2 protein chains.
Amino acid sequence: MKIVAIHEATLPIGSAMRNASIAFDQMTASALVIRTDQTIGGEALVGLAFDSIGRYGKGGLLRERFIPRLMAAAPSDLLDEHGHIDPARCVAVLMRGEKQGGHGERPGAVGLLDAALWDLRAKQMGLPLWQCLRESTGHMGTSATAPSTATTIETARAHTTAAATTAPPRIATYASCGHFTDNPNPQALRDEVAQCLAWGYTTVKIKLSGRDAKLDAQRIASALSAGLPASHLAVDLNGQWQAGDADGLAVLAEHPLAWVEEPTPALDYAALAAFCQSHSGPVATGENLFSVDDATNLLRYGGLRPQQDRLQMDISLSYGVGEYRAMLERAQAMGWSPQAFWAHAGHLFAAHVVAAFGLGSHESAPDPSRLYGGFWDGVPVVDGHLHVPAHPGVGFEHKANLMAAFDQLP
Amino acid sequence: MKIVAIHEATLPIGSAMRNASIAFDQMTASALVIRTDQTIGGEALVGLAFDSIGRYGKGGLLRERFIPRLMAAAPSDLLDEHGHIDPARCVAVLMRGEKQGGHGERPGAVGLLDAALWDLRAKQMGLPLWQCLRESTGHMGTSATAPSTATTIETARAHTTAAATTAPPRIATYASCGHFTDNPNPQALRDEVAQCLAWGYTTVKIKLSGRDAKLDAQRIASALSAGLPASHLAVDLNGQWQAGDADGLAVLAEHPLAWVEEPTPALDYAALAAFCQSHSGPVATGENLFSVDDATNLLRYGGLRPQQDRLQMDISLSYGVGEYRAMLERAQAMGWSPQAFWAHAGHLFAAHVVAAFGLGSHESAPDPSRLYGGFWDGVPVVDGHLHVPAHPGVGFEHKANLMAAFDQLP
């Protein structure tokens, strides 16, 4: 198999909403397709990926550095010994000539390609991605030390027949909503949370200001008035809590919230540790750390508590599966369970990773009319869970509005 | 004054050399020009910037996000009350809609624009950049808490006449050379160091493997044979020292070296602290940390010693002067002197910042035939120091080979 072309486009996904830190009106995301010289079942064999959101599309970096490196590599350098595309080997090619440190946009560009390579590999193997991931890298807790994805394939193949009869895995998900908009009516926030409950979600996250305790108390009350228990309502401060803000702490402690998200700036581990000292409930953070080295610093210095707190690093914004897997293993060595990993928005791709590695939950943008919202068409959320379908690969082909975007690529 | 266009080009600057971590054969850098509707002394008023090196050109990010944001801003949002371009206000515009954390490529794109904006501002004010910087932001140790660059301008203007008669400042510099090449002859390394001494440098840095103690001992011996004292030879490990490598430590302790650079991975502060525990001589690091938050973590957790160690954050790869100034102030609050800041390669621009803020030294790629090498034409290095000339702005116009590259921009 040979990669013959990689096409990408930057798509506008902006909407008139804000969190406590930024506005999303100009937000973009990348869609990417890897084309090959093969067909499978009469269809062209392609690998697809769609960006995680919040950090803008990756077009420039993809075109300038990463796509050319992959296209310049000898095809055999990208495959395992069975002729399947090997994402781990591909990422090694992508990172040639890259200095250490500085994990910002680069991890997202590499992670997007990694996601498309995994879709491609799973389709080659005729497996849903979650199953391909397990068989390629081992379950969590088993040895997965090999530098190449391929080394556990023989074992995997021996399991394939049995595994193919495995029921689709059921994973937990939660709805992220309640951004700031130009509509100041508290009823709007309640309606948005109620809509999430109607869609089948049981845990819902809303945005707070992190600065205005009175406003934040009102927002929590509005959300709770939709009818979910406080233990199923999470609040996101987007890094805005200020050291010593006792009023803010009191609002956060008034209800037994599901978790408080990103109370302090992403890299200020001392501020996070101070918050954790001051707030006894669950804390979740990590979506703005994009490497195993950054995640390790969070665990070393951030004062988080493995028995109750949650780690939200984003898979595709963090170089992809290999680096994310390294985070899981590093965390496990420091006393954390994979159940503590609640992956940041990565949508259909992330849902497979949650299923493959037994992570705690998956973040969903609940509105299926958005390119990055909801799940595969016809796959409902029931009691805050869903079954990951058995389509080969990620199954982008089974979310019509997103597939329409892919169909516009060359 | 109005910005009418911003043009940039990605230039190949590759050469057949390597450090212990990456090869530079495919390396690129960005050249950028900001064009205005003004002339000054009959010449078009422009702001110029040339990339720092090692992290590739910034073209995609500049075109996709940052140039459009600056061009879309109201011209008055970019100026101070005297009609001078205000880099601090411009950077605030550039960062609209950018999430916190993830300091990788973005800081370099913003920093490149910041550098060109400072060149433009200094030319508007008819000052060499070092003087413009001092007058716009205050000397280190004076209050510089204002969000806008302009707030100290009135004071600055009162000083301008006196300051204009100030002799050009003299700054320290050192030569960075001794990369790995395909020439295994130890004589080649000695010749390279000798060439630096002949050019007038007195402190020279060479690359080591960080992994092969025998090779590294040979390289140190080769460099010393060029005739410089060990206290003026620095060695760069590019993050490759391995915990527990006693042979490597012994080689580094055999001579009283000027400093050991980046012994451990950029973000592994625990490994750095362990190295500092094991090596009593000066250590220098920081070139792969691109924000005040990352730099703060280095100072909090890295085990560095303010009285002897050196901080090498790169100005233009770290969002530019405003963020770098914040690093200086944060470090000062933690017991560090500006003299401990030895700015990573930023060439002509960085030399002005070293002069403006009284930093310890400036890193030079010594070969003036390179776009990023040497200094202004006709400005010699004497006894490891040079006088920053009085040309308005950075003075790119006085380095002919680099100016030829700018002249190819639209």
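What you see is a predicted model, and the numbers here were worked out from it, not measured in a lab. (Residues numbered from 1 in each chain as written. Chains lettered and ligands numbered in written order. Predicted model: local features only at pLDDT ≥ 70, side-chain atom pairs only at ≥ 80, totals over all residues.)

## Re the overall build of chain A
Step number 1: Per the secondary structure count, chain A includes 13 helices and 12 strands.
Step number 2: Rg of the C-alpha trace for chain A: 21 Å, near the compact-globule value of 22 Å for 410 residues, within the 12% margin.
Step number 3: Dimensions of chain A, computed from the C-alpha atoms along their principal axes, are close to 60 × 45 × 40 Å.
Step number 4: Every one of the 410 residues in chain A was classed for burial, and the buried ones make up 54%.
Step number 5: For chain A, restricting intrachain contacts to residue pairs at least 6 apart in sequence, the fraction spanning at least 24 positions comes to 71%. (Helix = DSSP H or I, 4+ residues; strand = E, 2+ residues; numbered from the N terminus. Rg over C-alpha atoms; globule rule 2.2 N^0.38 Å. Buried ≥ 20, exposed ≤ 12 C-beta atoms within 10 Å, placed from the backbone. Contact = placed C-beta atoms within 7 Å.)

## Quick word on helix α4 (residues 129–137) of chain A
Step number 1: Of all nine residues making up α4 of chain A, nine are buried, and the element is well covered by its neighbours.
Step number 2: Within α4 of chain A, the full set of buried residues consists of Leu-129, Trp-130, Gln-131, Cys-132, Leu-133, Arg-134, Glu-135, Ser-136 and Thr-137 of chain A.

## Focus on the relation of the copies chain A and chain B
Step number 1: It takes a turn of 180° to lay chain A on chain B, together with a shift of 0.0 Å along the axis; the resulting RMSD is 0.0 Å. Overall, the copies show the geometry of a two-fold rotation axis.
Step number 2: With an isologous cut-off of 70% or more, the 100% of interface residues of chain A that recur at the interface of chain B puts this contact in the isologous class. (Least-squares fit on C-alpha atoms with pLDDT ≥ 70 in both.)

## Digging into the sheet that holds strand β3 (residues 43–50) of chain B
Residues and elements named next belong to chain B.
Step number 1: Strand order in the open sheet formed by three strands is β1-β2-β3, with antiparallel pairing between adjacent strands. One side of each edge strand has no neighbouring strand; the edge strands of this open sheet are β1 (3–12) and β3. Neighbouring strand axes in the sheet, compared pairwise and without regard to direction, differ in orientation by 20° on average.
Step number 2: Relative to strand β2 (residues 28–40), β1 is paired through nine bridges, and the arrangement is antiparallel. Within the sheet, the bridge partner assigned to Ile-3 lies in β2 and is Thr-36.
Step number 3: Seen against the sheet, helix α1 (residues 59–72) touches β1 and β2 and runs at an angle of roughly 170° to β1.
Step number 4: Helix α13 (residues 400–407) contacts β1, β2 and β3 of the sheet and is inclined by roughly 75° relative to β2. (Pairing = 2+ DSSP bridges. Axes fitted to C-alpha atoms, helices over the stretch in contact; angles between N-to-C directions.)

## Concerning the sheet that holds strand β2 (residues 28–40) of chain A
Residues and elements named next belong to chain A.
Step number 1: One open sheet holds the three strands; their spatial order is β1-β2-β3, and the pairing between them is antiparallel. Here the strands that pair on one side only, and so sit at the sheet edges, are β1 (3–12) and β3 (43–50). Strand-to-strand twist across the sheet, computed as the mean angle between neighbouring axes with direction ignored, equals 20°.
Step number 2: Across the face of the sheet, helix α13 (residues 400–407) comes into contact with β1, β2 and β3 while running at roughly 75° to β2.

## With respect to the domain arrangement of chain A
All names here are of chain A.
Step number 1: Per the domain assignment, the segments making up chain A are domain 1 (3–164) and domain 2 (170–396).
Step number 2: Contacts between the two partners involve 40 residues from domain 1, matched on the other side by 48 residues from domain 2.
Step number 3: Breaking the side of domain 1 that touches domain 2 down by element, the ones donating at least two residues are β3, α2 (87–94), α3 (106–125) and α4.
Step number 4: Take the side of domain 1 that touches domain 2: its biggest share by element is 11 residues, from α3. (Domains from an automatic or database assignment.)

## Re the interface of chain A and chain B
Step number 1: Of the residues lining the interface, 38 residues belong to chain A; the matching set on chain B comes to 38 residues.
Step number 2: Residue composition of the side of chain A that touches chain B, grouped by class: 12 nonpolar, 14 polar and 12 charged. (Nonpolar A, V, L, I, M, F, W, Y, C, P; charged D, E, K, R; others polar.)

## Things to note about the packing of helix α7 (residues 213–224) of chain B against helix α8 (residues 246–253) of chain B
The relative placement of two packed helices is expressed as an angle between their axes plus a distance between the axes.
All names here are of chain B.
Step number 1: Viewed as axis vectors pointing N to C, α7 and α8 meet at an angle of 10°, and their least axial separation amounts to 9 Å. As summarised for this structure, α7 and α8 are arranged roughly parallel, according to the angle between their axes. Packed against α7, whose contacting residues are Ala-213, Asp-216, Ala-217 and Ile-220, the element α8 presents Asp-247, Gly-248 and Val-251 at the interface.
Step number 2: Here the contact of α7 with α8 is composed, by residue class, of four nonpolar, one polar and two charged. (Parallel < 35°, antiparallel > 145°, perpendicular 65-115°, else oblique.)

## Remarks on the environment of Ala-188 of chain B
Residue and element names in this part refer to chain B.
Step number 1: Considering the arrangement of structural elements, one finds Ala-188 in helix α6 (residues 186–199).
Step number 2: The exposure class of Ala-188 is partly exposed, given the 13 C-beta atoms found within 10 Å.
Step number 3: In sequence terms Ala-188 and Gly-178 are 10 residues apart; their C-alpha atoms lie 8.8 Å from each other.

## Topic: the pairing of strand β5 (residues 204–207) of chain A
Residue and element names in this part refer to chain A.
Step number 1: Here β5 shows a buried face lined by Val-204 and Ile-206 and a second buried face lined by Lys-205 and Lys-207.
Step number 2: With two bridges joining them, strand β4 (residues 170–176) and β5 adopt parallel strand pairing. Across the sheet, Ser-176 pairs through a bridge with Lys-205, a residue of β5.
Step number 3: Bridge count between β5 and strand β6 (residues 233–236): four bridges; the pairing is parallel. Pairing of Lys-207 across the sheet is with Asp-236, part of β6.

## Details of α3 of chain A
Step number 1: The end-to-end C-alpha separation of α3 of chain A is 28 Å, in line with the 28 Å expected for 20 residues at 1.5 Å each.
Step number 2: Immediately beyond the C-terminal end of α3 of chain A, within one or two residues, lies Gly-126 of chain A, with a positive phi of roughly 70°. (Expected span 1.5 Å × (residues − 1).)

## Here we look at unusual backbone geometry
Residues and elements named next belong to chain A.
Step number 1: You will see that Tyr-319, though not glycine, has its phi angle at about 70°, which is positive.
Step number 2: For Tyr-319, the location among the structural elements is in the loop between β9 (310–311) and α11 (321–333).
Step number 3: A positive phi angle, near 55°, is found at Asp-383, a position not held by glycine.
Step number 4: With respect to the helices and strands, Asp-383 occurs in the loop between β11 (361–364) and β12 (385–387).
Step number 5: C-beta crowding within 10 Å serves as the criterion here: with 10 such atoms nearby, Asp-383 is assigned to the exposed category.

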